[in-house]
Amino acid sequence: VTAVLALMRKEVTLLFTSPVAYLVLTMVALLTSITFFEHLRLYNHQLFVFASSSMGGFESDTIPDYINLRDTVFLPVMEQLGVLILLPIPLVTMRVFAEERSLGTDELLLTSFLSPGQIVLAKFAVTYLFIVLMMSVSFIYPVSAILSGGLGLQHLLAVYLGLVMLGIGIASIGLVCSAFTSSQIIAAVTTVGVTYLLYDFGWMFGFVDEGTAAVLEAISLHPHFGRFSEGLVALSDILYFGVLAVVAGGVVRISLELRRVDG
Amino acid sequence: MGALAALGGIALVFGLASHRVLEEWNPFNVANLAFGMAALAGALATGLRRWRATRHHADSGPILEAALMALALSWGAILVQLAAAVAGPHFDWTFERRYALAPATQELLAELTEPLTLTLYYSAGDPRRRATRLLLEEIARSRGDVTRERVLDDFSEEEDYYGIGSSNSVVLELGGEWELVERPSEGSLYEALSLLARPKQQIAYATVGAGEGNLERSDDSGFTGLRAALETEGYELRPLPTARIDQIPADADLVLVVAPQRRLSDTALSALRRYLDPALNPARDPDLSGDVTRGGSLVAFLEPGVQSGVEEVLAEFGIRSADSLIVDPSSGAVAGDAPGLSLVAQSYSDHPVARNLNRNRMTFFRRARSFTLWKPQPADRLQPIVFAGGDSWLSEAPLEVGHRSAPEPPLHVARDYQPIAVAGSYERGGRNTRIVAFGDSDFASNRYLRALYNLDLLVNAVHWATERESAITLRPKAGRLLQFPVPIQRSLNALYGIGLLVPELLVMAGAWVWLRRRSA
C-alpha cells in the first residue's frame, strides 16, 4: 500500500507541476460556466417572452411545456459537455504511460518492487481522481446558479454524476492508448478517435438487424451517459463505466507485462 | 503492426461512413472495408507472430497470467453489469419523479394476464424520443414486457394501420387489441392501458335536464375530464333525462348528480328515493335471503345557493346540507375570488375513500357547502371524508362570484373543521346502498379536476360507492415541469463571482507553476 501511495504521490506531483492540468481544468470550468449561463439566459428569456403580459401573463398557461429547466438547460448542457470533454481528457491521459516510455523511466518502474498491477492501480486512481476534481470545479457555478431557485439540484447531481462517469470512461480508453505508444500525440489522437467511434453507434442502426443494434447500443458510451441527463441514475449504467475501467486496467496490465518481457 | 492496424481502422471507418451516407454498396466503401479488414487481419497475424517469437525467448508466464486475470475480471464485470441492466436498482432524480410509476399504474400492470407490447414511432432526431423510451422501459420492466422502436417512414404500412400522425407516438398492444397514444406521458399511457385492460363493466347514469354540469363540454367549466376519468376506470356513462323518467334504469350501477342548477321533477326525485331505498320500490322485490347484496349507489355534487331537491333526498338518508358557504380564513384568494372561499383541504377521516390521502396530498375546492350527519336507522354508517381547515365557519350571506373582500364572521361564530364531503352506507330491503356527497362541483370540473389530488378523491369515491374498494388508489399525476424563472441578475453575479473567478485562479496557478519551472 505504501508503495502504491508513493507512486500516486509522484503522479499527482507530476500532474500538478505541469501547466497542462491547470489548462485542462481552466478550459472545462470556463466552458461549463459559459455554456450553462448561456442556456440559463436563453431559458429565462423564453420564459419571460411566453409569460409576458402580451401573451397573457404567468397565470394564463401560455408557457409551452418544452420550456423547462430539464429540456432547456440540463439536457442540452449535458449533451454539449459530453462532447466537450472528449478533447481535454486525452490531454491528461496521453502522458500517463507514453511519457514514461519515451523517457525510458518505465523500465525503472517495471524493475522496481512495484508489480504491474500496482502500477496500473496507482496511475488509474490518480487519473480518475483528476476527472472527479475537474468535474467538481466545473460544477461550482451551475450549482450556485441553481441554488437560488432551490429546485432541480438532485437532477443536476445526476447530470454531474453522468459526466464524471463519462469522463472515467474516456480516461480508461485514453490510458489504454497511452500504454501502447511512446508518442503522447499519437496517444491523444487515438483516444479521441476511439472514443468518437465508441461514443454512439446509433448511426449504424439503419443497416443492422435489431439484435445487432441492441448489442451496439449496449457497448456505446452515449446511451449509458444519456440516462443520467434525463435524471435517471441506474446501477447498470454506473457499472458499464466500471466495466470499461476494469477492461482498460486489464489491457494496460498486459501491455506492461509485454513491455517487461520485451525489455 | 501498429501502423497497419491504424490504417486498417481508418479504412474501416471510411467504408462504414460512406455506406451510411450513401445507403448503398459501391466500389469505394467495399474496397475500404476489404482493405480495412485485411489490414487488421495482417496486424493481428504480425502481432501473434511476434508474441510467439518472444515466448521462445522469455518467460511468458506473467503475460498469460495477466491475460487470464484480465479476461476473468472483465467477464465478471460484464456479467454483473448485464445482471444489473436486467434487475438492478435505478433511481429517479428528476424533480417531477417522471420515471417513478404511480401505484395505479403498478396495480394495473399487475392485473394484466397477457403480454403487453409498447411500440414507439419517432422521426430521426426527435429529442423527445429518449424520455419516452425510458418511460416505456420503466413500464415494461416490472413484467418483462416488450418495447420496440420504429422510425417513421420505414414502417409506412403500420403508420397507416394505426393512424399515426406525428413523431413520438406510442401504440400499446394487448391481447389483439391496441390503443394509440400521441402525447405519451405516464397518465396518458395509463389511460390507454386501462381502456385495453379493463373493458367497461359498470354503467353510470348522469342526470341531465336540470342544469347539471355538462359532461360533453370540454372548456374549463365543463366535465369532460370527469367523463374521461370514469371511462378510464371502466364505467360507461349514459345520460339520464330526469324530466322523462319515473324510475332509475335497472342496469344502473351508479347514479351521478353533477350540480343541478334547478329543482329536479318530483317524479325524478321519487325515482331516486326508490333507487336508494329498495324497500320503497314495488318493481324491485326486496332480497329476503339474508345476504346483503348491492343496492343503489349515488355520487352527488351540490353547489351552495341551489336547492335542487337532491338535498331533501340526502337528508332522508342522514346527510343534511344547510345552504351556507364554508369560509376558511387560512385560504387565500384564487382566480379572482374573495379570500377564504377557495379551500385547500388537507384533513381527511379514515374512510376508505381517503385511504391514500394525507396532509401532503391535498385537494382543492371552490365555494363549497358543508354537511351535518345523523343516523336515520341505528345500523346506518355515516362519516365525513374531507374537512376544511379547523378555523372554518359557515357564512349564511350569499356572496356573488367576483366578490373581492373576505367575508366577515359574525360575532361568536362557531369555528370548526367543516365537512366538505361525506359518505353513507345503509342497509335497506336487504340491500346495501352507498351515497357520497360533495359540497362543491368545481373541484371535479375540467379546470380543477387534475389539480392536487382532486381526481383521486373523486374516482376513489365512485369506486367506493360501487363497492369496488380494491380499485381505490393514487393515479399518475401530470408532470410538474420546472418552469420557475431563475433570476438572471443573480445568475450573472454568480457567473462573475464564481463562474469566472475559479477559471481565473486556475490560470494563475498554471502560470505560476510554468514560470517557476522555467526559472528552475
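These notes cover the structure that comes with them.

## Observations regarding the interface of chain B and chain A
Where interface size is quoted, it is often the accessible area lost as the parts come together.
Part 1: Contacts between chain B and chain A engage 68 residues on the former and 71 residues on the latter.
Part 2: Between chain B and chain A, a total of about 5900 Å² is buried, with carbon and sulfur atoms accounting for 71% of that surface.
Part 3: The interface formed by chain B and chain A holds four salt bridges in total.
Part 4: A salt bridge links B:Arg130 to A:Glu79, with the nearest nitrogen and oxygen atoms 3.1 Å apart.
Part 5: Between chain B and chain A we count ten residue pairs in polar contact (both at pLDDT 80 or more) in total.
Part 6: Breaking the side of chain B that touches chain A down by element, the ones donating at least two residues are helix H1 (2–22), helix H2 (27–57), helix H3 (61–87), strand E1 (90–92), helix H5 (129–141), helix H12 (488–499) and helix H13 (501–519) of chain B.
Part 7: Its residues assigned to classes, the side of chain B that touches chain A shows 43 nonpolar, ten polar and 15 charged.

## Quick notes on the pairing of strand E8 (residues 254–258) of chain B
On a regular strand, one side chain projects to one face of the sheet and the next to the other, so that they alternate.
Residues and elements named next belong to chain B.
Part 1: Of all five residues in E8, five are buried; the element is thus mostly enclosed.
Part 2: Burial along E8 is two-sided: the residues Leu254, Leu256 and Val258 and Val255 and Val257 are all buried.
Part 3: As judged from the three bridges shared by strand E6 (residues 202–208) and E8, these two strands associate in the parallel manner. Its bridge partner lying in E8, Ala206 is registered against Leu256.
Part 4: Here E8 runs beside strand E9 (residues 293–301); their pairing, made up of four bridges, is parallel. By the bridge assignment for E9, Val258 is matched with Phe301.

## Considering helix H8 (residues 153–179) of chain A
For an α-helix the count is 3.6 residues per turn, leaving residues at separations of three or four pointing the same way.
Part 1: For H8(A), with 27 residues, the first-to-last C-alpha span of 38 Å sits near the 39 Å given by 1.5 Å per residue.
Part 2: Counting buried positions along H8(A) yields 22 of 27 residues, so the element is predominantly enclosed.

## As for the environment of B:Thr207
Part 1: Within the secondary structure layout, B:Thr207 lies in strand E6.
Part 2: In this structure, the C-alpha to C-alpha distance between B:Thr207 and B:Ala259, residues 52 residues apart in sequence, is 9.6 Å.

## So, the sheet that holds strand E5 (residues 177–181) of chain B
Residue and element names in this part refer to chain B.
Part 1: Read across the sheet, four strands follow the order E3-E2-E4-E5 without closing on themselves; strand pairing throughout is mixed. With one partner strand each, in any of the chains shown, strand E3 (146–151) and E5 form the two edges of the open sheet. The mean inter-strand angle of the sheet, taken between neighbouring strand axes irrespective of direction, is 20°.
Part 2: With six bridges joining them, strand E2 (residues 116–122) and E3 adopt parallel strand pairing. Paired with Leu120 across the strands is Glu149, a residue of E3.

## Remarks on the nonpolar core
Soluble globular proteins tend to bury their nonpolar side chains together.
Part 1: Ranked by size, the top nonpolar core spans 76 residues in total, and within it A:Phe36, A:Phe97, A:Met134, A:Leu163 and A:Phe241 carry the most contacts.
Part 2: The dominant element in this core, judged by the number of residues it contributes, is H8(A), at 13 residues.
Part 3: Residues within four places of A:Phe36 in sequence aside, it is in contact with A:Val73, A:Phe74, A:Val77, A:Tyr141, A:Pro142, A:Ala145, A:Ile146 and A:Leu156.
Part 4: Ranked by size, the runner-up nonpolar core spans 45 residues in total, among them B:Phe365, B:Val386, B:Phe443 and B:Ala444.

## Topic: the packing of aromatic side chains
Part 1: Evaluation of the coordinates by the stated rule reveals 17 aromatic pairs over all chains.
Part 2: Ring centres of A:Phe16 and A:Tyr22 lie 5.9 Å apart, and the angle between their planes is 75°; on these two criteria the pair is classed as edge-to-face.
Part 3: Classification of A:Phe16 by relative accessible area gives partly exposed; the value is 24%.
Part 4: Ring centres 5.2 Å apart and planes at 75° place the aromatic pair B:Phe317 and B:Tyr426 in the edge-to-face group. Of the two residues, B:Phe317 is situated in the loop between helix H10 (310–316) and strand E10 (319–320) and B:Tyr426 in strand E18 (residues 419–428); the sequence distance between them amounts to 109 residues.
Part 5: An aromatic cluster of at least three residues, connected via ring pairs, comprises B:Tyr121, B:Tyr161, B:Tyr162 and B:Trp178.
Part 6: Over the ring of A:Phe97 we find A:Lys123, and its NZ or CZ is 5.3 Å from the ring centre.
Part 7: The lysine or arginine in question, B:Arg150, covers the ring of B:Phe155, its NZ or CZ lying 4.5 Å from the ring centre.

## Some thoughts on the environment of B:Gly176
Part 1: Along the chain, the position of B:Gly176 falls in the loop between strand E4 (169–174) and E5.
Part 2: Residue B:Gly176 is classed as exposed on the basis of its relative accessible area of 74%.

## Side note on the pairing of strand E19 (residues 431–438) of chain B
Residue and element names in this part refer to chain B.
Part 1: With eight of eight residues buried, E19 is to be regarded as a mostly interior element.
Part 2: Side chains Arg431, Thr433, Ile435 and Ala437 of E19 all project onto a buried face; the interleaved residues Asn432, Arg434, Val436 and Phe438 project onto the opposite face, where all are buried too.
Part 3: Across seven bridges, E9 lies against E19 in parallel orientation. Along E19, the bridge assignment pairs Leu298 with Ile435.
Part 4: Note: E18 against E19, eight bridges, orientation antiparallel.

The rules behind these values
- Residues numbered from 1 in each chain as written.
- Chains lettered and ligands numbered in written order.
- Predicted model: local features only at pLDDT ≥ 70, side-chain atom pairs only at ≥ 80, totals over all residues.
- Heavy atoms only, no water.
- Contact = heavy atoms within 4.5 Å.
- Buried area = accessible area lost by both parts, 1.4 Å probe.
- Salt bridge = Lys/Arg side-chain N within 4 Å of Asp/Glu carboxyl O.
- Polar contact = N/O pair within 3.5 Å; in protein donor to acceptor, adjacent residues only side chain to side chain.
- Helix = DSSP H or I, 4+ residues; strand = E, 2+ residues; numbered from the N terminus.
- Nonpolar A, V, L, I, M, F, W, Y, C, P; charged D, E, K, R; others polar.
- Buried < 20%, exposed > 50% of the residue type's maximum accessible area, 1.4 Å probe, protein only.
- Pairing = 2+ DSSP bridges.
- Expected span 1.5 Å × (residues − 1).
- Axes fitted to C-alpha atoms, helices over the stretch in contact; angles between N-to-C directions.
- Core = buried A, V, L, I, M, F, W, Y, C linked by side-chain atoms within 4.5 Å.
- Phe/Tyr/Trp six-rings, centres within 6.5 Å; stacked < 30°, edge-to-face > 60°.
- Lys NZ or Arg CZ within 6 Å of the ring centre and 35° of its normal.

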